[in-house]
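Fold and geometry: a report
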Amino acid sequence: MKNDKSSIHPSLLTRKIIHIDLDAFFAAVEVILNPKLKNKPLIIGGTPSSRGVVCTASYEARKFGIKSAMPSAQAVKLCPHAIFLKPNFEAYKNASREVFKIIRNFSDTVEPMSMDEAYIDVSDSKNATLIAENIRKNIFSDTQLTASAGVAPNKMVAKIASDINKPNGITIVKPHEVFPFMQPLLIKKIPFVGPVTTKKFSEFNILTCSDVISAGRDFIINTFGATSEWVYQRACGIDESPLETTQIRKSLGEEETFPKDITLMEHKLRELNKILFNLIICLKNKDLAAKTVTVKIKYANFKVRTKTKSYPLYFYTEEIIAKVALELFHDFKCENDSIRLIGVSVSNLIDRKDLLQETLFSNYI
Ligand SMILES: [Mg+2]
C-alpha cells in the first residue's frame, strides 16, 4: 500500500483514538501504599501455598518469566524471593477512580475497558499525541502511577500500540502508517483473535498479518468462513467499531427569553430563581455534580455577556449553586438595564457516583 492519502482506507482519516493502559497497575498501587516494595519482585494474587494464580506481577518479577494467570506455585519456583500480596481491591478501585477523573478532563468520550485501561476519542482535537502525553503526565503527577499510551485512528491499532513501548511509553501510529504497522504482527496480537483462530490459520502457514494479506480476502473467506472476514479487515488495520460509552455532557444549562424585556430588579431575580430551580432539578435527575457556574445575560440591545466562577471542588446542592449564581448575577450590576434573556449553566460535570467524598464542596462549607 502506498503512503499517499488516496490509498488510505477512509475510516483511518476520520478518527483519533487514544488507548491508555496503566503499567502493572495492582503492583504499582501497592508500591505507592508501601514504598519499601519499590523495585522488588512483587506478585499480587494467590499465595504460593494456595492454588491461586498471579493477578499482576511487577516488572521486576516479570524479568523472571512471571506472567498474569500463571499459578502462584509456579511463580515462586521461578522467583523464590518474590513478595506475594493478596489483592487490595478497595485501594485499586480508589486509584482507578482518580485516573478516570483525570482522563475525563480531556474528553467526554471515554470507554473504560477495565480498572486500568480505557479508550479515549479525541477526534475533534488537533493534536492527539499532545493530549495522550498530557494524560500520562497528569496521571503521574496526581497519582504517581505510570501509564502507557497508543495513539491511532482506531481502537484496535491504539490498543496494540499502547503495548509496544510499555512501561511508561507512548507509540503513535498515523493513518498512513497503519498498514505497514500491522504487517509484521502475529495475528494473535489482534485483539479477540484467540488460540482457535491462530491454530486454524497456522495450519495454512498464515502466522502474521502480512501472511493474511498475501493469502487474500477470498482465500480467507473460502477457507475459514464468512465470519473470518474481520480477521482480514483487522490485518489491514481496519476497525470501525465505535467507543462504547455513556457520554457525560460538557454542560447543562437553562435559559429563558422573556416575552418582554424586563427592567425591575425584583422581576429579574424572580426569573433567575425560576431558571435556577429548573437547572437544579435537571442536575439532580441526571445525577451530576459540577465545578463551574456560568450566568448569561442578553441585554435589550441583544448584547450578550457571561460571568463564570469555578471551584476546585464539586457541588450539586441548591444552596451552593444558587449562591454562586446570585453572586455572579449581582456582578453584572444590571439594576438599571433592560434585559431580554437570563441563562444559567453548570459545567465541569461528573457523575455523582464517581464523585469522591473528599472532592465535594459541601464538606468544606
Ligand atoms: Mg495495565
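Residues numbered from 1 in each chain as written. Predicted model: local features only at pLDDT ≥ 70, side-chain atom pairs only at ≥ 80, totals over all residues. Heavy atoms only, no water.

**Overview of the coordination of the magnesium ion**
Protein ligation of the magnesium ion involves Asp21 (OD), Leu22 (O) and Asp116 (OD), the donor distances falling in the range 2.2 to 2.4 Å. Sequence positions of the residues that donate to the magnesium ion give the spacing D-L-x93-D. Of the two residues, Leu22 sits in strand 1 (residues 17–22) while Asp116 sits in the loop between strand 5 (110–114) and strand 6 (117–121), which places them 94 residues apart along the sequence. Residue classification places Asp116 among the buried residues on the basis of a relative accessible area of 17%. (Donors = N, O, S within 2.8 Å, 3.2 Å for Na, K, Ca; no water. Helix = DSSP H or I, 4+ residues; strand = E, 2+ residues; numbered from the N terminus. Buried < 20%, exposed > 50% of the residue type's maximum accessible area, 1.4 Å probe, protein only.)

**Observations concerning helix 4 (residues 89–104)**
Side chains of residues three or four places apart in an α-helix project in the same direction, reflecting 3.6 residues per turn. For helix 4, with 16 residues, the first-to-last C-alpha span of 22 Å sits near the 22 Å given by 1.5 Å per residue. Of the residues making up helix 4, those classed as buried are Ala91, Tyr92, Ala95, Ser96, Val99, Phe100, Ile102 and Ile103. Seen from one end, helix 4 has its buried residues packed into an arc of 165°, which puts them on one side. The elements touched by buried residues of helix 4 are strand 1, helix 1 (25–33), strand 2 (42–45), strand 5, strand 6 and helix 5 (128–143). (Expected span 1.5 Å × (residues − 1). Arc of directions from axis to C-beta. Contact = heavy atoms within 4.5 Å.)

**Description of the packing of aromatic side chains**
Here the structure, examined in full by the defined rule, presents 10 aromatic pairs. Measuring from centroid to centroid gives 5.8 Å for Phe204 and Phe219, while their planes differ by 75°, and the two rings are edge-to-face. Separated by 15 residues along the polypeptide, Phe204 in the loop between helix 8 (195–202) and helix 9 (209–215) and Phe219 in helix 10 (residues 217–224) bring together distant segments of the chain. In this structure Phe204 comes out as partly exposed when scored by relative accessible area, which is 43%. (Phe/Tyr/Trp six-rings, centres within 6.5 Å; stacked < 30°, edge-to-face > 60°.)

**Describing the pairing of strand 5**
Pairing analysis gives four bridges linking strand 5 to strand 6, with the strands arranged antiparallel. If you follow Glu111 over to strand 6, its bridge partner there is Tyr119. Here strand 5 hands over to strand 6 after two residues, the two strands then running antiparallel side by side. (Pairing = 2+ DSSP bridges.)

**Description of the sheet that holds strand 3 (residues 54–57)**
Strands sit in the order 3-2-4 across an open sheet of three strands; the sheet is mixed. Taken across any chain shown, the strands that pair with only one partner, and hence form the sheet edges, are strand 3 and strand 4 (83–85). The average undirected angle you get between the axes of adjacent strands in this sheet is 30°. Packing against the sheet, helix 1 makes contact with strand 2, strand 3 and strand 4, and its axis sits at approximately 115° to strand 2. (Axes fitted to C-alpha atoms, helices over the stretch in contact; angles between N-to-C directions.)

**A short note on the nonpolar core**
The biggest cluster of nonpolar side chains holds 34 residues, and the ones touching the most others in it are Val293, Phe315, Phe329, Val344 and Val346. When contributions to this core are tallied by element, the ones reaching two or more residues are strand 9 (251–262), helix 12 (265–285), strand 10 (288–299), strand 11 (304–315), helix 13 (318–331) and strand 12 (339–347). (Core = buried A, V, L, I, M, F, W, Y, C linked by side-chain atoms within 4.5 Å.)

**Some details on helix 1**
Regarding helix 1, the residues found buried are Phe25, Phe26, Ala27, Val29 and Glu30. Looking at the buried positions of helix 1, the neighbouring elements they touch are strand 1, strand 2, strand 3, strand 4 and helix 4.

**Details of the packing of helix 4 against helix 5**
Where helix 4 contacts helix 5, the axes come no closer than 10 Å and their chain directions differ by 145°. Where helix 4 crosses over helix 5, the two elements pack in a sense that is right-handed. Here helix 4 contributes Glu98, Val99, Ile102 and Ile103 to the contact with helix 5, which in turn contributes Ile135, Asn138, Ile139, Asp142 and Thr143. Grouping the constituent residues of the contact of helix 4 with helix 5 by class yields five nonpolar, two polar and two charged. (Left-handed = near helix turned anticlockwise from the far one by under 90°. Nonpolar A, V, L, I, M, F, W, Y, C, P; charged D, E, K, R; others polar.)

**Comments concerning the sheet that holds strand 6**
Ordered in space as 5-6-1-7-8, the five strands form an open sheet in which the pairing is mixed. Since the sheet does not close on itself, it has two edges, and those belong to strand 5 and strand 8 (170–172), each with one partner. Going across the sheet, the axis of each strand differs from the next one's by a mean of 15°, ignoring polarity. Most of the contacts of helix 6 (residues 155–162) go to strand 7 (residues 147–152), to which it runs at about 145°, and overall it touches strand 1, strand 5, strand 6, strand 7 and strand 8.

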